[in-house]
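Read off the chains here:
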Amino acid sequence: MRSAVTLCRVAEAAAGPFVFHDELESGFRKAAELGFDAVELFLPGPDAVPIADIKALQDRHQLAIAAVGTGAGMVKHGLSLTDPDPARRAAALEFIGSMIDFGGALGAPAILGSMQGRHGGMVSRDQAIGWLAGALQKTGDRAAAFSVPFIYEPLNRYETNLFNHAASAVDFLRQGDIGNVVLLADLFHMAIEERDIAASLLAMGDLLGHVHWADSNRQAMGFGHTPTGPIAAVLREMNYRGHLSAEVLPLPSPDEAARQTIASIHQHFPAETA
Ligand code: LER
Ligand code: MN
């Protein structure tokens, strides 16, 4: 289990659930000072920051890249994998592919969150899920070239109507024969949708690949009312080795959100973080 904190440089996501929004140099420095193992990057696109610059920051601050988000494709360009227009779907897949290549060069997986889109209007549920499955087969293959998985994130009902629950996402990946794709457990979305977060994590089994370590109100873990003890216990029982990444609102300030995140990880994983 490794700790990570989010760094966002997407202007359209300035009010989003990311801890540090200032220059990458500052975000890397703060992450390192607070003792994080890694940073998760939310950038405008694959060419926003040269890979060599990111590697230099990693070397200077001794931080891994936990994952890279693809949501800029949605918030900047309005792209989604379930758009009724085939040209827009193709553009969405190409944007995600370029982010897989960008992350891959840094040894990091890419995440599909908001770019999964939703069904409705001209698009039936079966149609949207078929497009999503086809896209995930391709993104899983593309990520495999870098020996990293591709990460699919179920979201709460206000952000998608495709998959809101761990169990249905697990069935979807297993039945669709979708290889090299793992699931992201965002504990904020799960606090809205799941009956029992710990049981749902357990049901993900070896498909659990990444965790957004966020409390019920999307603040740092410990600032809301999610019962963290049973969640940490189940992650230990599963021998979870991925990241706990703080994709949370920068409240009451970015520094305090980051400090609380690290404190909660030390509190719940004393042996792993000793
Ligand atoms: C992205 O990780 C996420 O959790 C979604 O809510 C997109 O905003
Ligand atoms: Mn998330």
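Cut-offs applied
Residues numbered from 1 in each chain as written. Chains lettered and ligands numbered in written order. Predicted model: local features only at pLDDT ≥ 70, side-chain atom pairs only at ≥ 80, totals over all residues. Heavy atoms only, no water. Donors = N, O, S within 2.8 Å, 3.2 Å for Na, K, Ca; no water. Tetrahedral: all angles 85-135°; square planar, octahedral: opposite > 155°, others 65-115°. Buried < 20%, exposed > 50% of the residue type's maximum accessible area, 1.4 Å probe, protein only. Axes fitted to C-alpha atoms, helices over the stretch in contact; angles between N-to-C directions. Helix = DSSP H or I, 4+ residues; strand = E, 2+ residues; numbered from the N terminus. Parallel < 35°, antiparallel > 145°, perpendicular 65-115°, else oblique. Left-handed = near helix turned anticlockwise from the far one by under 90°. Contact = heavy atoms within 4.5 Å. Nonpolar A, V, L, I, M, F, W, Y, C, P; charged D, E, K, R; others polar. Expected span 1.5 Å × (residues − 1). Near = heavy atom within 4 Å. Areas by Shrake-Rupley, 256 points an atom, 1.4 Å probe, with all protein chains shown as cover. Core = buried A, V, L, I, M, F, W, Y, C linked by side-chain atoms within 4.5 Å.

A. Looking closely at the coordination of the manganese ion (ligand 2). Binding of the manganese ion (ligand 2) to the protein goes through Glu153 (OE), Asp186 (OD), His212 (ND1) and Glu247 (OE), at separations of 2.1 to 2.2 Å. Coordination at the manganese ion (ligand 2) comes from six donor atoms whose angles at the metal span 70 to 170°, giving a geometry best classed as octahedral. Take Asp186: its relative accessible area is 1%, and that puts it in the buried class.

B. Geometry of the packing of helix H4 (residues 86-105) against helix H5 (residues 125-144). Between H4 and H5, whose axes approach to 10 Å, the crossing angle comes to 25°. Between H4 and H5, the angle is such that the two are roughly parallel. At the point where H4 passes H5, the crossing takes the right-handed sense. On H5, the residues touching Arg89, Leu93, Glu94, Ile96, Gly97, Ser98, Ile100 and Asp101 of H4 are Trp131, Ala135, Lys138, Thr139, Arg142 and Ala143. Considering only residue class, the contact of H4 with H5 consists of six nonpolar, three polar and five charged.

C. Layout of unusual backbone geometry. With omega at -5°, the peptide bond leading from Leu251 into Pro252 counts as cis. Here Pro252 shows up in the loop between strand E8 (243-246) and helix H10 (254-268). In this structure, Gln62 is a non-glycine residue whose phi angle is positive, near 55°. Position of Gln62 relative to the elements: it lies in the loop between helix H2 (51-61) and strand E3 (64-69). For Gln62, a relative accessible area of 63% translates into the label exposed. Unusually for a residue other than glycine, Asp177 sits at a positive phi of about 55°. Structurally, the position occupied by Asp177 is in the loop between helix H6 (166-175) and strand E6 (181-186).

D. Representation of H10 in the model. Spanning 15 residues, H10 covers 21 Å between terminal C-alpha atoms, matching the ideal 21 Å at 1.5 Å per step. Turning to H10, its buried residues number three or more, namely Ala257, Ala258, Gln260, Thr261, Ile262, Ser264, Ile265 and His268. Buried-residue contacts for H10 involve strand E1 (2-8), helix H1 (24-34), helix H9 (228-237), E8 and helix H11 (270-273).

E. Structural context of the site of ligand 1. Taken together, Glu153, Leu155, Glu159, Asp186, His189, His212, Arg218 and Glu247 make up the full set of residues near ligand 1. Surface burial for ligand 1 is 82%, taken as the share of its 250 Å² of free accessible area covered by protein chains. Taken together, the residues that form the shell around ligand 1 break down as one nonpolar, two polar and five charged.

F. Quick peek at the environment of His225. Within the fold, His225 resides in the loop between strand E7 (208-212) and H9. Along the sequence, His225 and Gly176 sit 49 residues apart, while their C-alpha atoms lie 35 Å from each other. Not counting residues within four places of it along the chain, the set of residues in contact with His225 comprises Asp215 and Ser216.

G. Summary view of the nonpolar core. Within the largest apolar cluster, 86 residues are counted, with the highest numbers of intra-cluster contacts made by Phe28, Leu41, Leu136, Tyr152, Leu201, Trp213 and Leu235. Among the elements that take part in this core, H5 stands out by supplying seven residues, more than any other. Ranked by size, the runner-up nonpolar core spans five residues in total, among them Ala67, Ile111, Val182 and Leu184.

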